[in-house]
Amino acid sequence: MCGIVGVVARNAPLTMAKMEATIKDMTDRIVHRGPDACGWWGEDGTIGLGHRRLSIIDLSEHGRQPMLSPSGRYVIVFNGEIYNYKEIQTWLQSSAPELYSQLRGHSDTETMLAAIEQLGVYRAVHRFIGMFGFALYDRKDRKLHLVRDRMGEKPLYYAIGQQNEFLFGSELKALQAHPQFVKHVNRDAIGLYLQHCYIPAPYTIFQNCYKLLPGTILTYDTQSGAHEIQSYWTVEQAVQNGQGNTRGMSEQEAVKQLDALLRQSIRGQMVSDVPIGAFLSGGLDSSTIVSIMQAQSSQKVKTFTIGFHEEGYNEAVHAKEVARHLGTDHTELYVTPQEALDVIPKLPQLYDEPFSDSSQIPTYLVSELARKHVTVSLSGDGGDELFGGYKRYFITQDIWSKLNKVPAFGRVGASKIIHSIPVSTWNQLSRWWSPLRKRATTPGTAGDKMYRLAELMKDSNLNSRQFYRYMISHWKDHSIVIGSGALNTVFETVPNHVFSDFSNEMMYLDMISYLPDDILVKVDRAGMAVSLESRIPFLDHRIVEFAWQLPVNYKIKGGQGKWLLRQVLNQYVPETIMNRPKMGFSVPIGSWLRGPLREWAEHLLSESRLKQQGYLNPAPIRQRWKEHLEGKRNRQYDLWDVLMFQAWLEEQTK
């Protein structure tokens, strides 16, 4: 894992000394991504590439970057890992022996360059199995290629500077270090952020600055300044191919094939020249990863988990039970509320733009714990999106199927009735109806959920995709952002596929939005903050393609998600150990806001402060803050969104 940066100054070339200093300023901002070494390369004062190295494969000088191809035509700066680089070397040895003989070391970067030399970037990238964000400069054609992995595990940003400089980097903070970077806040992006708790790609918090989409190659012509973006792999195509070719295999065959694919993926991701371990929450996904790791390892796998003393937020006891059964070398740390709270001031620097998934806190803490023992850690992210694990899939489908049967006028009328009853009354009513429900409503939240349902029923033209977006959104009304407009996201731009099941549509939407823009951002920044490389075996594109070839009842069966994955895990861990409700990875933000975080929150949410900044409308924010403090409504998610924006804004003024 590393950090990369680059500059193309075609309109105002720099001296080589100035280019070197500029690249150094940018790479200095991301030392945490690569504390082991740094390097830069430049040519003609028009282009400069920079690299920070976290040594994982080939710790020798042969692995240093920027790296030139054998012929000297290509220069690369690379962030990530290519897990099948040894297979590519074998292919090179047979198909291009002269090129293979020029390899000096055994790094995946050098292997990539040789493959690109042989095939060109577009054909070579299809052979790469891994996670990556890299920049490749073609000195002959004078074109710069930015390439991001298929699922978006590794980040890559690009921007246009004040003098039309083309800038890129692994994190926004590297781009901000360039003197010509334009820090104009994108008000439209703030609206999206408050709705989703992250800023969806390709947008960022700044104007004229973008995230490169997963599975794409951006080609920038350094002579004309023109650029184009092409996809080399998409989830959409995997869905279309899979839905059109649903495998007619038995359940037993599906279990066997998934187990084989996971073993293949995990075996490749266990290759490392430095210590390696895994996060273990005790949940289904991480337990599956660790089980297969241990089954393929001659030594005890190092596993890590953090626990909380607060009831309802602690999975450490379950992780310990799984670790004991598998015989891993397990490390756990129980975190005090103060230790968790101490992470909050670091968040604006870690994420560079507003980001408010509160599981960012425990993710950082477990990464910090793991880094004391290993340099690489595998995680179980991606299992929910691939195999239907989120509770919201069941709840949303259940509600939608019922609402769809009610005429529009009936829904509008029901909405008015629900709103006529106070939230507190709904909460009281839930005390006697909850025990009767299959999935009981959490005490004190029934009123909020009923009011959310009422808001949904107001729209007589609602379709399934709009319904799902509403269900997962926080702030619904963009008018909270002063002077903002609407921006299109995948919910508007991606064609409406004919899905065999509404659950499949929700999984698809999450896979192209929530997964790369929330989950993978959270894992990457938390790990890189402590120089820990995180690897995610579920996101091997061969597993993704396989998952979309399965009928939905292999994923969701009997009101329970991840059915197929459970069958795989049952081969390694007794079902009795895993038979418990899904908890999630969260912290008690709601109670903290009424307690130890109250003074900090009040400072950031003060009416005078909001008015002076001029970005957010104070009235609805102050109203929700008051409701939350008085215990009338649970507004923790809405408030955390605003607080993380405010904290980010405060960091920008330092």
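What counts, and where the lines are drawn
- Every residue gets a number counted from 1 within its own chain, in the order that chain's sequence is written.
- Local features in a predicted model are, by the rule used here, given only for residues with pLDDT of at least 70; side-chain atom pairs are given and counted only at 80 or more, and totals for whole chains, interfaces and linings are based on all residues.
- Here the side-chain values reflect all heavy atoms present in the structure, with hydrogen atoms and water set aside.
- Only C-alpha atoms enter the line fits that serve as axes; for helices the fit covers just the stretch in contact. Angles between N-to-C directions range over 0 to 180 degrees.
- Put simply, DSSP marks the helices as runs of H or I at least four residues long and the strands as runs of E at least two long, and each gets a number from the N terminus on.
- Convention used here: angles under 35 degrees read as roughly parallel, angles over 145 as roughly antiparallel, angles from 65 to 115 as roughly perpendicular, and any remaining angle as oblique.
- A clockwise turn of the near helix away from the far one marks a right-handed crossing, whereas an anticlockwise turn of less than a right angle marks a left-handed crossing.
- By the convention used here, residues are in contact when the closest approach between their heavy atoms is within 4.5 Å.
- Here the nonpolar group is Ala, Val, Leu, Ile, Met, Phe, Trp, Tyr, Cys and Pro; Asp, Glu, Lys and Arg are the charged ones; every other residue, Gly included, is treated as polar.
- Known as pLDDT, the predictor's per-residue confidence is scaled from 0 to 100.
- Here a strand pair is declared whenever DSSP counts at least two bridges between the two strands.
- Whether a residue is buried, partly exposed or exposed follows from its accessible area with a 1.4 Å probe, protein chains only, as a fraction of its type maximum: under 20%, in between, or over 50%, in that order.
- Think of a salt bridge as a Lys or Arg side-chain nitrogen and an Asp or Glu carboxyl oxygen that are within 4 Å of each other.

1. Examining the packing of helix α2 (residues 85-95) against helix α4 (residues 108-119)
Put simply, α2 and α4 touch, their axes get as near as 10 Å, and they point 40° apart. The angle between α2 and α4 falls in the class oblique. The handedness of the crossing between α2 and α4 comes out as left-handed. Across the interface between the two elements, Y85, I88, Q89, W91, L92 and S95 of α2 pack against D108, T111, A114, A115, Q118 and L119 of α4. Tallied by class, the residues present in the contact of α2 with α4 amount to seven nonpolar, four polar and one charged.

2. Side note on the confidence of the model for the protein
Averaged over the protein, the pLDDT score is 91; the fraction of residues at 70 or greater is 95%. Note on residues 435-441: pLDDT is under 50 here. Beyond four places in sequence and across chains, it has ten contacts.

3. Remarks on the sheet that holds strand β5 (residues 74-82)
With respect to topology, six strands assemble into an open sheet ordered β4-β5-β6-β7-β11-β12, the strand pairing being antiparallel. The strands lining the two open edges of the sheet, one partner per strand, are β4 (67-68) and β12 (227-231). In this sheet, β5 lies alongside β4 in antiparallel orientation, the contact comprising two bridges. Within the sheet, the bridge partner assigned to L68 lies in β5 and is V75. On the sheet, α4 packs against β4, β5 and β6 (130-138) and is oriented at approximately 125° with respect to β5.

4. Observations regarding the pairing of strand β7 (residues 143-148)
Along any regular strand the residues' side chains alternate between the sheet's two faces. Of all the six residues making up β7, five are buried; the element is thus mostly covered by neighbouring parts of the structure. Pairing of β6 with β7 involves six bridges; the strand directions are antiparallel. Paired with D138 across the strands is K143, a residue of β7. Hairpin connection of β6 to β7: four residues between the antiparallel strands, including R142 at a positive phi of 55°. Here β7 pairs with strand β11 (residues 216-221) via five bridges, running antiparallel. Note that in β11 the partner of H145 across the bridge is T219.

5. Describing the packing of helix α16 (residues 391-403) against helix α20 (residues 464-472)
In the contact formed by α16 and α20, the axes pass within 11 Å of each other and the chain directions differ by 130°. Considering their axes alone, α16 and α20 lie oblique with respect to each other. Where α16 crosses over α20, the two elements pack in a sense that is right-handed. Between α16 and α20, the residues in contact are R392, Y393, I395, T396, I399, W400 and L403 and S464, F467, Y468, M471 and I472, respectively. Grouping the amino acids of the contact of α16 with α20 by side-chain chemistry returns nine nonpolar, two polar and one charged.

6. Here's the deal with the pattern of salt bridges
When the charged atoms of two side chains with opposite charge come close together, those side chains can pair. Evaluated as defined, the whole model comprises 35 salt bridges. A salt bridge links R624 to D638; the nearest nitrogen and oxygen atoms lie 2.5 Å apart. Residue R624 is located in helix α30 (residues 618-629), and its partner D638 is located in helix α31 (residues 636-652); the two are separated by 14 residues in the primary sequence. For D638, a relative accessible area of 10% corresponds to the buried category. What you see here is one network of salt bridges that share partners, running through R33, K154, E171, K173, D352, D524 and R525.

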